[in-house]
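Coordinate inspection notes
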Amino acid sequence: KPTEAERRGVPHHLLDFLDIEEPSDAARFRKAALETAREIAARGRVPIVVGGTGLYVRALARGLFEGPGRDEAVRARIEERREFNPMLGHRGCRLGITFPEIYRMQVRAIAEAACQVAESGVKVRPEVMIPLVSHVGELSRLRQLAERAGVELEVVDARYPRRRQVLLKEWREREAGRVAAQ
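Each value, and the rule that gives it
- Residues numbered from 1 in each chain as written.
- Predicted model: local features only at pLDDT ≥ 70, side-chain atom pairs only at ≥ 80, totals over all residues.
- Heavy atoms only, no water.
- Phe/Tyr/Trp six-rings, centres within 6.5 Å; stacked < 30°, edge-to-face > 60°.
- Helix = DSSP H or I, 4+ residues; strand = E, 2+ residues; numbered from the N terminus.
- Salt bridge = Lys/Arg side-chain N within 4 Å of Asp/Glu carboxyl O.
- Buried < 20%, exposed > 50% of the residue type's maximum accessible area, 1.4 Å probe, protein only.
- Contact = heavy atoms within 4.5 Å.

So, the packing of aromatic side chains
Summed over the entire model, instances satisfying the criterion amount to one aromatic pair. Relative to Tyr56, the ring of Phe29 lies with its centre 5.3 Å away and its plane at 45 degrees, an arrangement referred to as tilted. Placement of the pair is Phe29 in helix α2 (residues 26-42) and Tyr56 in helix α3 (residues 54-62), with a sequence separation of 27 residues.

Digging into the pattern of salt bridges
As enumerated under the stated definition, the model contains three salt bridges in all. A salt bridge links Arg77 to Glu101, with the shortest nitrogen-to-oxygen separation between them at 2.9 Å. Of this pair, Arg77 sits in helix α4 (residues 72-80) while Glu101 sits in helix α6 (residues 100-119), placing them 24 residues apart in sequence. When its relative accessible area of 41% is taken as the criterion, Arg77 is described as partly exposed. Residue Glu101 is classed as partly exposed on the basis of its relative accessible area, which comes to 27%. As a salt-bridge pair, Arg94 and Glu138 come within 3.2 Å of each other at their nearest N and O atoms. On the criterion of sequence distance, the pair formed by Arg94 in helix α5 (residues 92-98) and Glu138 in helix α7 (residues 136-156) is long-range, its members being 44 residues apart.

Looking at the side chain of Glu138
Note on Glu138: relative accessible area 13%, which makes it buried. Once residues within four sequence positions are removed from consideration, Glu138 is found in contact with Cys93, Arg94, Ile97, Leu132 and Val133.

Distances and angles like these do not, on their own, reveal function.
Printed below as a string of structure tokens:
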């Protein structure tokens, strides 16, 4: 961050525009940055964007995906699951066993992303890794959960019906072969 002396010759915008304790996200930054850039351009000047993380720069340059905004109910559920000791806490596959909705959501997101990419003509081979398995029962239970999530997608969501069926069939066959090999 430039010092006050370094900032004297060139106007800076959005530097320290939030308090350190204030929540922020790429959408909020993008809105403020676009407003500021428009104001600068309206004065006949050229805005120059420097610094920032890749996410925030991409959000400004390319926009954000269309998706739901912040959901306070979901945020509250996440906070309920916060761990006090992350070294001994719920990790890997045990998290999916205790809260299967997390794995369903993740498998669904993987499958939807793969189908969207496949519809654009790119060959995809999504793989779902089930982390930190210490017993074959854990692997079996979560594999079934992941497959059911894939089947639910096939039945419920028909945005990519042909390609999705092929992708999910290929994925299930590949996973079955991998488990058999273990």
